[in-house]
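# Architecture and fold: a report
Here is how the chains run, residue by residue.
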Amino acid sequence: GEQVEQLPSSLIVQEGASVLINCSYTDSASVYFPWYKQEPGKRLQFIIDIRSNMERKQTQRLTLLFDKKTKHLSLHITATQPGDSAIYFCSASIGMGYKLTFGTGTSLLVDP
Amino acid sequence: NAGVIQTPRHKVTGKGQEATLWCEPISGHSAVFWYRQTIVQGLEFLTYFRNQAPIDDSGMPKERFSAQMPNQSHSTLKIQSTQPQDSAVYLCASSTDRPRDTQYFGPGTRLLVL
């Protein structure tokens, strides 16, 4: 079945820095890639998604890049704030199926 | 809008006991998903329903786990004869019926089996 990997597993940055989170998947049939953020003690929160017919999507300080050929995604967060501290999860959905396969998560800590 | 509601938020059971977890999806959402989150395995899909019908239970352990959706306003996940390895946070999510629509997650039920 589909496998999703994320790197790095953890990041510590100073407030204002930019970060890059990488994600790779194995099944070329995956067509939908939502990302979620999980702050300590809080529920998973949807932050951005991209479909396989797109290469780039941007919202506020988030930019998501997608390379179908290499089966790779990268999430770029600019001007980080302490409130960005959370675990970030990449996920993939195969074909018309609804279930999500999640990556292992990237723990981001932004020091003020 | 309270979002997806899950009850109880925490549950402690003894080994061999039964645990029933409840999920109330967002009103108007017709797809309901169950996932499990542990430190070791991460986030794993268990099962999902669309318009109350079971669609895919490929992630469910074949014994002891069962899920139902008796009406559009709630779903249950039942674990019989709980084992310590069942300890996890069980997450429920809901979405509309449109393909690839956003899944909205509940706060989870933290199950501890002693």
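Structure shown above.
Residues numbered from 1 in each chain as written. Chains lettered and ligands numbered in written order. Predicted model: local features only at pLDDT ≥ 70, side-chain atom pairs only at ≥ 80, totals over all residues. Heavy atoms only, no water.

### Structural notes on the packing of aromatic side chains
Residues and elements named next belong to chain A. Taken as a whole, this structure holds 17 aromatic pairs over all chains when the rule is applied. On the numbers, 4.9 Å between centres and 35° between planes, the contact of phenylalanine 33 with phenylalanine 66 is tilted. Here phenylalanine 33 is found in strand 4 (residues 30-38), whereas its partner phenylalanine 66 is found in strand 7 (residues 62-67), with 33 residues between them in sequence. Each member of the pair, phenylalanine 33 together with phenylalanine 66, is buried. (Phe/Tyr/Trp six-rings, centres within 6.5 Å; stacked < 30°, edge-to-face > 60°. Helix = DSSP H or I, 4+ residues; strand = E, 2+ residues; numbered from the N terminus. Buried < 20%, exposed > 50% of the residue type's maximum accessible area, 1.4 Å probe, protein only.)

### Considerations on the side chain of aspartate 101 of chain B
Along the chain, aspartate 101 of chain B turns up in the loop between strand 9 (88-95) and strand 10 (104-105). With residues near it in sequence (within four places) discarded, aspartate 101 of chain B still touches Tyr32 of chain A together with Ser95 and Thr96 of chain B. (Contact = heavy atoms within 4.5 Å.)

### Points about the pattern of salt bridges
Residues and elements named next belong to chain A. By the definition in use, this model includes seven salt bridges over all chains. Its salt-bridge partner being arginine 61, residue aspartate 84 comes within 2.9 Å of it at the nearest N-O pair. In this pair, aspartate 84 sits in the loop between strand 8 (72-77) and strand 9 (86-94) while arginine 61 sits in the loop between strand 6 (56-59) and strand 7, placing the two residues 23 residues apart along the sequence. For aspartate 84, a relative accessible area of 6% puts it in the buried group. (Salt bridge = Lys/Arg side-chain N within 4 Å of Asp/Glu carboxyl O.)

### Description of the nonpolar core
Trp35, Leu73, Leu75 and Tyr88 of chain A are the most contacted members of the largest nonpolar core, which has 23 residues in total. The residues contacting tryptophan 35 of chain A, other than those within four sequence positions of it, are Gln6, Ile21, Cys23, Gln45, Phe46, Ile47, Ile48, Leu64, Leu73, Leu75, Phe89 and Cys90 of chain A. Listed in part, the 19 residues of the second largest apolar core include Ala19, Val32, Tyr90 and Val113 of chain B. (Core = buried A, V, L, I, M, F, W, Y, C linked by side-chain atoms within 4.5 Å.)

### Focus on the pairing of strand 7 of chain A
Residue and element names in this part refer to chain A. Bridge count for strand 6 against strand 7 is four bridges, and the pairing is antiparallel. Looking at the pairing, lysine 57 lines up with leucine 64 of strand 7. Taking the residues between adjacent antiparallel strands as the criterion, strand 6 and strand 7 are bridged by two residues, where glutamine 60 takes a positive phi near 45°. Alignment of strand 7 against strand 8, held across six bridges, turns out to be antiparallel. By the bridge assignment for strand 8, leucine 62 is matched with isoleucine 77. Counted between consecutive antiparallel strands, the loop separating strand 7 from strand 8 contains four residues, among which lysine 71 sits at a positive phi close to 55°. (Pairing = 2+ DSSP bridges.)

### Digging into the interface of chain B and chain A
Taken together, the contact pairs 23 residues of chain B with 16 residues of chain A. Between chain B and chain A, the buried area comes to about 1,800 Å², and carbon and sulfur atoms account for 57% of it. By the criterion of area lost to chain A, the three top residues of chain B are Leu43, Arg100 and Phe105 of chain B, representing 40% of everything that side buries. For the pair chain B and chain A, the number of links is one salt bridge. Of the charged contacts, one joins aspartate 56 of chain B and lysine 99 of chain A as a salt bridge, the two residues approaching to 3.6 Å between their closest N and O atoms. Within the residue set of the side of chain B that touches chain A, elements represented by two or more residues are strand 4 (31-38) and strand 5 (42-50) of chain B. Element by element, the count of residues in the side of chain B that touches chain A is highest for strand 5 of chain B, at four residues. (Buried area = accessible area lost by both parts, 1.4 Å probe.)

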